[in-house]
Amino acid sequence: MEQSISVMTAAIKEILTDNLLALYVYGSCTTADYQPGWSDIDILCLTKAELSPPQAKALLNLRQTLTDFHPRPPCYRAFEGGFLTLKQLLNNAGGTVVYWGTSGQRITDSYCWDAFSRLQLLDYGRLLTGKEVRGQIPRPERKELHDAVVSHYETIREYASQTGKSLYTAGWMLDIARCLYTLQTGGIIAKTEAGRWALRQKLAPDPAAMERVLDIRTHPREALADDETMEWLAALTPAIHRFADVLEQQIKNASAL
């Protein structure tokens, strides 16, 4: 992972040259929770001026370019994030933005950066190159975090209605645990630690299911190669929604305060 981050950093610097303001990595990479084959490598690249068309085009295809020239280690497709100016980030201002996501990449005119990501960057982000500018980024207020939890809860209810043979199925359980942690504390922790925290707090209605999810999180490649585990994940929907019921009640309790 660190080798890929170094190669990616050098490539971004070569494309942006003097237009690079700051490049950060955050998320599981900086909370000792990165799991090859499951985790993303979350980055945020801030530029001094709006991206020029040649810069945007080069950045758009950079993940594939590096994969073609550096097939080992093969994790350049795991990089996700955005390239935009600090003004665009803070004010949701229009302009050219390059976005890398799980399903692809695009040049767009806006960047959706939620309160969870902002908190992760502020508390656990690592400056890879450029100038430290996190002092200009405001911390999310409790209401913003509450609204982000509600939004994530609604996404879980919608998209976890049918689960498949995928590691992301186990991820719903950890996402719920982290939402509960944020709702109760106003902070954020790694997904694995959030699952362990939920067990300690006796918030998980299916402790055995959470224990197995945590084992899958720790050994994702073994899980992918095990047919029985993948079948178990495909049948995890009821446990996910029982845990989501807990989150729903916690949201109602918080809203009543």
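A quick note: this is a predicted structure, and the numbers were derived from the prediction, not measured.

**Student:** Hey, could you run me through the environment of threonine 65 in this one?
**Tutor:** Checked against the element boundaries, threonine 65 lands in helix H3 (residues 62–69). In this structure threonine 65 comes out as partly exposed when scored by relative accessible area, which is 35%.

**Student:** Is there a simple way to explain the packing of helix H1 (residues 2–16) against helix H2 (residues 53–60) in this structure?
**Tutor:** In a packed pair of helices, the relevant descriptors are the angle between the two axes and the axis-to-axis distance. It is the contact of H1 with H2, at a shortest axis distance of 9 Å, that shows an interaxial angle of 160 degrees. Overall, the two elements H1 and H2 adopt an arrangement that is roughly antiparallel. As H1 packs across H2, the resulting crossing turns out to be right-handed. Residues Ile12, Ile15 and Leu16 of H1 form the contact with H2, whose own contacting residues are Gln55, Ala58 and Leu59. Taken together, the residues of the contact of H1 with H2 break down into five nonpolar, one polar and no charged.

**Student:** How should unusual backbone geometry be read in this particular structure?
**Tutor:** For residues besides glycine, phi is generally negative; the peptide bonds are generally trans as well. For threonine 17, which is not glycine, the phi dihedral falls at a positive 45 degrees. Relative to the helices and strands, threonine 17 is located in the loop between H1 and strand S1 (20–26). Backbone geometry at lysine 202 places phi at a positive 60 degrees, although glycine is not the residue there. For lysine 202, the position within the fold is in the loop between helix H8 (191–200) and helix H9 (207–218).

**Student:** Help me understand the side chain of arginine 217, please; the structure alone is not making it clear to me.
**Tutor:** Within the secondary structure, arginine 217 sits in helix H9. On the basis of relative accessible area, arginine 217 is assigned to the buried category, the value being 3%. Among the polar contacts listed, one links the side chain of arginine 217 to the side chain of aspartate 33, at a separation of 2.9 Å. If we skip the residues at most four places from it in the chain, arginine 217 touches Ser28, Asp33, Gln35, Trp38, Ser39, Leu174, Lys191 and Thr192.

**Student:** What's the story with the sheet that holds strand S5 (residues 105–108) in this structure? I'm lost.
**Tutor:** Each strand in a sheet pairs with its neighbour through backbone hydrogen bonds, running either in the same direction (parallel) or in the opposite one (antiparallel). Read across the open sheet, the six strands follow the order S5-S4-S3-S2-S1-S6; overall the sheet is mixed. The open sheet is flanked by S5 and strand S6 (126–130), the only strands paired with a single partner. Within the sheet, the average angular offset between the axes of one strand and its neighbour, ignoring direction, is 15 degrees. Looking at chain direction, S1 and S6 are connected through four bridges and run antiparallel. Across the sheet, residue tyrosine 24 finds its bridge partner in S6, namely leucine 127. Most of the contacts of H1 go to S6, to which it runs at about 35 degrees, and overall it touches S1, strand S2 (41–47), strand S3 (79–85), strand S4 (97–100) and S6.

Cut-offs applied
Within each chain, residue numbers correspond to sequence positions counted from 1 in written order. In keeping with the predicted nature of the model, local features appear solely for residues at pLDDT of at least 70, side-chain atom pairs appear and are counted solely at 80 or more, and the whole-chain, interface and lining totals rest on all residues. Water and hydrogen atoms were dropped before computing side-chain values, which therefore reflect all heavy atoms in the structure. Helix and strand assignments come from DSSP, with helices taken as H or I runs of at least 4 residues and strands as E runs of at least 2, each series counted from the N terminus. Burial classes: relative accessible area under 20% of the type maximum marks a residue as buried, over 50% as exposed, and values in between as partly exposed (1.4 Å probe, protein chains only). Helix axes are fitted to C-alpha atoms over the stretch in contact, other axes to C-alpha atoms as well, and angles between N-to-C directions run from 0 to 180 degrees. For this classification, under 35 degrees means roughly parallel, over 145 means roughly antiparallel, 65 to 115 means roughly perpendicular, and everything else is oblique. It is the rotation of the near helix from the far one that decides the hand of a crossing: anticlockwise by less than a right angle makes it left-handed, clockwise makes it right-handed. Note on definitions: a residue-residue contact is assigned when non-hydrogen atoms from the two residues lie within 4.5 Å. Nonpolar residues are Ala, Val, Leu, Ile, Met, Phe, Trp, Tyr, Cys and Pro. Charged residues are Asp, Glu, Lys and Arg, and all others, Gly as well, are polar. Whenever two N or O atoms come within 3.5 Å, that pair is a polar contact, provided that in protein one can donate a hydrogen and the other can accept it, and provided that, for residues adjacent in sequence, both atoms are side-chain atoms. By definition, two strands form a pair when at least two bridges between them are found by DSSP.

The values are spatial; any link to function lies outside them.
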